[in-house]
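If you want the building blocks of each chain, they are given just below.
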Amino acid sequence: MATFEQQVEALTSIDIDSSSTPTQNELSQFLKDGVMDVTSKHLAIRPQDAHMFTRATAETTSNDSLSVNGSKIVSVVRESGTDNDWRNCREIPIGLQSNVTDTNSLHYASKYNPAYMVADTNKISVFPSPSTDPDTFKVYYVNKDAVNGSGSSLVYSHDDILYFPIDKVYLVVTYAAIKSLEAKLSFYTIEEEDEELVRALQVSLQQLQVTYNSGFLPDKNYEAALQSQSQQRGQRA
């Protein structure tokens, strides 16, 4: 598969290297920014798709020690006392942290019906308190670190993105192409003053912007199917 650099070059007709405008390092940053922009825009429209951008933490053995640094939490799971028997934790407000440990409380959390809370330090705690296997917990959350399939920080020479839907990768490339054209336009406007070339780049830029923005428009067929399913459920009820 073509690298991201090659894909952006094909979209923009810009030859990118270590000293071009943009540089390869700048292109790498555009790609990282693109991953975050596509993720946030898509989830703003379809928050139910958070699982498509999800990654998991390592198994954690103690409370108030794990933070996902403000990322959206998709799910917190705790082992039930049996290795790899994961039970979904319900979220509780901080004010119930004592109630979930009280066996006489309606809010009591058992290993089979665990709970979690996020403290004011953004650290996560689960109840019953975790320990070593088979009583650990882990968190599934929306990824904020743009990495490739091997887990390395995303750069221009890569050709895939981890924790990211494959059918949205073209939008990241398009985003990077837009930013590359904007950088090139700025360079030509300031340094070269080549009006004909600037006009050609502007046309390409506008076309890519249309492509990028259309990638977030609702799928009318999909939305119609969801509405039909909802109506059918209502009729059966």
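Our structure's up above, just so we're on the same page.
Cut-off values and rules
Residues numbered from 1 in each chain as written. Predicted model: local features only at pLDDT ≥ 70, side-chain atom pairs only at ≥ 80, totals over all residues. Heavy atoms only, no water. Salt bridge = Lys/Arg side-chain N within 4 Å of Asp/Glu carboxyl O. Buried < 20%, exposed > 50% of the residue type's maximum accessible area, 1.4 Å probe, protein only. Helix = DSSP H or I, 4+ residues; strand = E, 2+ residues; numbered from the N terminus. Pairing = 2+ DSSP bridges. Axes fitted to C-alpha atoms, helices over the stretch in contact; angles between N-to-C directions. Polar contact = N/O pair within 3.5 Å; in protein donor to acceptor, adjacent residues only side chain to side chain. Contact = heavy atoms within 4.5 Å.

## A look at the pattern of salt bridges
Then step 1. Under the counting rule described, the total for this entry stands at seven salt bridges.
Then step 2. In this structure, Asp85 engages Arg87 in a salt bridge whose closest nitrogen and oxygen atoms are separated by 3.1 Å.
Then step 3. Looking at Asp85, the relative accessible area reads 24%, which means it is partly exposed.
Then step 4. A relative accessible area of 28% means that Arg87 is categorised as partly exposed.
Then step 5. For Lys179, the salt bridge is made with Glu182, and the minimal N-O distance between the two is 3.5 Å. Of the two residues, Lys179 and Glu182 both sit in helix α3 (residues 169–192), three residues apart, roughly one turn of that helix.
Then step 6. When its relative accessible area of 27% is taken as the criterion, Lys179 is described as partly exposed.

## Details of the sheet that holds strand β8 (residues 137–142)
Then step 1. The four strands are arranged β1-β8-β3-β4 in an open sheet whose pairing can be described as antiparallel. In this open sheet, the two edge strands, each paired with only one partner strand, are β1 (54–56) and β4 (86–88). Pairs of neighbouring strands in the sheet enclose a mean axial angle of 25°, with direction left out of account.
Then step 2. Taken together, the three bridges between β1 and β8 define a ladder with antiparallel strand orientation. In the strand pairing of β8, Arg55 is matched with Tyr141.

## Notes on the side chain of Thr174
Then step 1. Note that Thr174 resides in helix α3.
Then step 2. Here Tyr170 takes part through its backbone oxygen, which lies 2.7 Å from a polar atom of the side chain of Thr174.
Then step 3. Ignoring anything within four residues of it in the chain, the contact list for Thr174 reads Leu11, Leu208, Thr211 and Tyr212.

Read these as spatial facts, not as claims about activity.
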